[in-house]
Amino acid sequence: MSQRKPAQLVETMAKFSQQKASDSEPPSQFKRYLPVLAEAWVLFTIVAFFVARVLGSNVFKHFLRSVSH
Amino acid sequence: MWLPVLKAIATNLVVIISTFGFGTLLLRLLPDSFSRLTRSLCALIGGFGILGLLLFVVGYLSFMRWTIAVVLVAGVALAIRSRLHPFGVRVRPGIIPAGIVAFVLTITALSGLLEPVGDWNIDTVAYHLVGPKVWLRDGMVRPIPDNMNTSYPSTVEMVFASLYAFGGDRAPGLSATWTLAFFLAIAAAVGRRCGLDINGACWVAALIVTMPAVYHGSVGAFVDGIYAAFILAAIRVGLDATERKHFVAFGIFFGLAMATKYPALLALPAVVFCAAWRGENGKTLRQMIPTASLTVAVACIVASPIYLKNWIFLGSPLYPPPAWVTKLLHVKYFPAEASRAFYQYNIERGKGHGRGILHLFTLPFNLTYHTADFSGAGGIGLAPLAFAPFGVLASWREKFARRLALVAFLLLLLWFLTMQESRYLFHFYALSAVFAVLGWRYVLSVTGNRGRMLCATVVAISLGYGLFMIAKPQLAGLPAVFSARRAEQRRETHIPFVQSFDYLNHDPQFTKLLILDRSVLAYYSDKDYVKPFGQWGEQVFRDAATPAEILVRLNELHVSHVLDVQSTVSGFVVPTNYPGLVLEFERPGQRVYKVVGNR
């Protein structure tokens, strides 16, 4: 499927990678911490999912009740 | 057993071709930059709406099988004449996402072949298919006074009616397979425009189709999926519109959305603003006002038959009208108290977690983890929350993606401020999936193996949980597709008062039924009926507000039978040995009386 515009996302990512690799222009604080931030955020959503959907589910609550009795 | 299935499949194929035929009328209006696939897709989606609207307008003159056939044949002729052949387009999708989409569409097709069943909580039989069945029986499209929901914008229901006319009661359900595919495909096309490759676009479709909240509102003769497809097609055209004809196409798609669901009326200003704001050729907003006005005018003209019909026949363009309108206009069949109660119910239902600033900030979390609180059981998966923020960040430099993000935010904000009902947000979910895939790619590009594992976990949870929530109820019903015994069991379990309806529908003397209980679904009656009191407080006769007042008018109603039931809202209402009525059939909680002579 042809597109009128090239995939600019790819360009953006390429520029970002270039900037990261280049020593002449140090990356901003935000960009430096972006990989850590991304990993932390994604991990947070996974943990929150388990808390909300698994630990908070009726099945799990029922299990806890049955164990406590 | 297989004849209804074959009829349903054949009718769906004819309607798809006809849909495409009408859609070819839009091709000249689309931007030249659109790929062949996107053009075909816009033709199919636009054609669906045009077919529905055309049937709606023609139906007010005549809605016989032959008039519907003429309209369908006209569409098929246009398709044959077209040089664009959508099914000749070849793409190479990624195996995993395409496999997931194919699996879900397959179970959709199989479960779509089941007979529609359910009680008054199931919109399919409560109203989506009631209009088509009644209009076909009457040979004319007219408001159904006992069922105000049938007076909602009904473009999609008109296509259901054409399917019902030739394919029977299974055909509308089966149509979800291709209408859902349209929705997924236009979302994928938006993803392509944002810079995703074919594989990425397929992942957009896979993430959307495994959102249980989206899936369950797009199948079973529901209209929300195709409504969202109209909105996405409008956005796709509108954000790339540069010439007047593009804005006309934009207006047509939005008009079709307005002719499908009321929430499009609210969405129109937001999307038109974003399309007009900084056009492709750098025009200022003031310069774009004429083209934006053109879009709004075209949208209003396209949707006008629906709203004019309500105004002329029912007294208000919006029906049911907002409670305050009943003071200004004389609205038929829906008393002011019922209107107030209905809106109060909707306000309660649509308040979600609240409308404060804190609720706005926590909305992404609540929509992700507590979608059921917005009547969206099953959720929307983890990927939008986990990746979409990074997708917006990554694609911010690209003008189309930036404006798309703004459209998505404005649509979400409008939804948040008005009616927080998950079904009205499918187009936003689709856009969030586009940004999720963009963000996923971006996160992969900036993180290492650990990030890769975390991303894979998010996608696995989204797909796994979604597929489980979708497949579990759908697969449970599938044995009824292949076994007559299981199909009969399903009917008996899920159709309220099924024995009475079976008795009546097989009685040659049955000509017209009086239904006294508001919870009884008229959909299951194969003959004409009178239902004085509707589900939401509709009152067909102004001077008869109770069953007793109806019973004294039996002779005027020309009914042959009366159905009296014990339901969740009422007990039996026909007194024992009521003059002029003979108890002909009785089962626990249900009685059928035959009307005999003059009283």
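Residues numbered from 1 in each chain as written. Chains lettered and ligands numbered in written order. Predicted model: local features only at pLDDT ≥ 70, side-chain atom pairs only at ≥ 80, totals over all residues. Heavy atoms only, no water.

### A closer look at the environment of V481(B)
Step number 1: Tracing the backbone through its elements, the reader meets V481(B) in helix α22 (residues 479-482).
Step number 2: For the pair V481(B) and W324(B), spaced 157 residues apart in sequence, the C-alpha to C-alpha distance is 47 Å. (Helix = DSSP H or I, 4+ residues; strand = E, 2+ residues; numbered from the N terminus.)

### Examining the nonpolar core
Step number 1: One finds F183(B), F254(B) and F387(B) to be the most contacted residues of the largest nonpolar core, which totals 210 residues.
Step number 2: For this core, the element with the highest residue contribution is helix α20 (residues 426-446) of chain B, accounting for 15 residues.
Step number 3: Not counting residues up to four positions away in its chain, the partners in contact with F387(B) are V42(A), F435(B), A436(B), G439(B), W440(B), C455(B), V458(B) and V459(B).
Step number 4: Residues L514(B), F533(B), L551(B) and Y578(B) belong to the second largest nonpolar core, which totals 18 residues. (Core = buried A, V, L, I, M, F, W, Y, C linked by side-chain atoms within 4.5 Å. Buried < 20%, exposed > 50% of the residue type's maximum accessible area, 1.4 Å probe, protein only. Contact = heavy atoms within 4.5 Å.)

### Quick notes on unusual backbone geometry
All names here are of chain B.
Step number 1: Between Y319 and the following residue, P320, the backbone shows a cis peptide bond with an omega angle of 5°.
Step number 2: Within the chain, A221 stands out as a residue other than glycine whose phi angle is a positive 60°.
Step number 3: Tracing the backbone through its elements, the reader meets A221 in the loop between α11 (212-216) and α12 (224-238).
Step number 4: Despite not being glycine, S375 has its phi angle at roughly 60°, a positive value.
Step number 5: Assignment of secondary structure puts S375 in the loop between α17 (357-369) and α18 (383-395).
Step number 6: On the basis of relative accessibility, which here comes to 30%, the residue S375 falls in the partly exposed class.

### A short note on the packing of helix α1 (residues 2-23) of chain B against helix α2 (residues 36-59) of chain B
Residues and elements named next belong to chain B.
Step number 1: Where α1 meets α2, the closest approach of the two axes is 6 Å, and the angle between their N-to-C directions is 100°. In this view, α1 runs roughly perpendicular relative to α2, as classed from their interaxial angle. The residues of α2 that touch α1, namely those facing V15, I16, S18, T19, F20, F22 and G23, are S40, A43, L44, G47, F48, I50, L51 and L54.
Step number 2: Considered class by class, the residues forming the contact of α1 with α2 number 10 nonpolar, five polar and no charged. (Axes fitted to C-alpha atoms, helices over the stretch in contact; angles between N-to-C directions. Parallel < 35°, antiparallel > 145°, perpendicular 65-115°, else oblique. Nonpolar A, V, L, I, M, F, W, Y, C, P; charged D, E, K, R; others polar.)

### Some remarks on the interface of chain A and chain B
Step number 1: The interface of chain A with chain B comprises 30 residues on the first partner and 44 residues on the second.
Step number 2: Carbon and sulfur atoms make up 67% of the surface buried where chain A meets chain B, a total of about 3,400 Å² over both sides.
Step number 3: Taken together, the links from chain A to chain B amount to one salt bridge.
Step number 4: With its nearest N and O atoms 2.8 Å apart, the salt bridge here joins E39(A) to R450(B).
Step number 5: Put simply, chain A and chain B have five residue pairs in polar contact (both at pLDDT 80 or more) between them.
Step number 6: At the level of secondary structure, the elements contributing two or more residues to the side of chain A that touches chain B comprise α1 (8-21) and α2 (29-55) of chain A.
Step number 7: Ranked by residues supplied to the side of chain A that touches chain B, first place goes to α2(A) with 17 residues.
Step number 8: Split by residue class, the side of chain A that touches chain B holds 19 nonpolar, five polar and six charged. (Buried area = accessible area lost by both parts, 1.4 Å probe. Salt bridge = Lys/Arg side-chain N within 4 Å of Asp/Glu carboxyl O. Polar contact = N/O pair within 3.5 Å; in protein donor to acceptor, adjacent residues only side chain to side chain.)

### Examining the environment of R36(B)
All names here are of chain B.
Step number 1: Examined against the element boundaries, R36 turns out to sit in helix α2.
Step number 2: The exposure class of R36 is partly exposed, given its relative accessible area of 44%.
Step number 3: Residues R36 and L84, spaced 48 residues apart in sequence, show a C-alpha to C-alpha distance of 8.0 Å.

### Comments concerning the side chain of N149(B)
Residue and element names in this part refer to chain B.
Step number 1: Inspection of the secondary structure assignment puts N149 in the loop between α6 (130-138) and α7 (155-167).
Step number 2: A distance of 3.2 Å separates a polar atom in the side chain of N149 from a polar atom in the side chain of W536.
Step number 3: In this structure N149 touches Y127 and W536, once residues within four positions along its chain are discounted.

### Points about the state of the cysteines
Residue and element names in this part refer to chain B.
Step number 1: With the rule as written, the count across this model stands at zero disulfides over all chains.
Step number 2: Free cysteine: C202, not disulfide-bonded; nearest cysteine sulfur from C194 at 15 Å.
Step number 3: Left unpaired, C455 is separated from the closest cysteine sulfur, that of C194, by 19 Å.
Step number 4: What makes C455 buried here is its relative accessible area of 1%. (Disulfide = S-S within 2.5 Å.)

### Focus on the pattern of salt bridges
All names here are of chain B.
Step number 1: By the definition in use, this model includes 18 salt bridges over all chains.
Step number 2: The residue R349 makes a salt bridge to E421 at a minimum N-O spacing of 2.7 Å. Of this pair, R349 sits in helix α16 (residues 336-349) while E421 sits in the loop between α19 (399-417) and α20, placing them 72 residues apart in sequence.
Step number 3: For E421, a relative accessible area of 0% gives the class buried.
Step number 4: Note that E488 and R491 form a salt bridge whose closest N and O atoms lie 3.7 Å from each other. Note that E488 and R491 are positioned in helix α23 (residues 484-494) at a spacing of three residues, about one turn of the helix.
Step number 5: Take E488: its relative accessible area is 33%, and that puts it in the partly exposed class.
Step number 6: R491 sits in the buried class, given a relative accessible area of 17%.

### As for the confidence of the model for chain B
Step number 1: Averaged over all residues, the pLDDT of chain B is 93; the fraction at 70 or higher stands at 97%.
Step number 2: For this predicted complex, the interface confidence score (ipTM) comes to 0.88, while the overall pTM stands at 0.92. (pLDDT = per-residue confidence, 0-100.)

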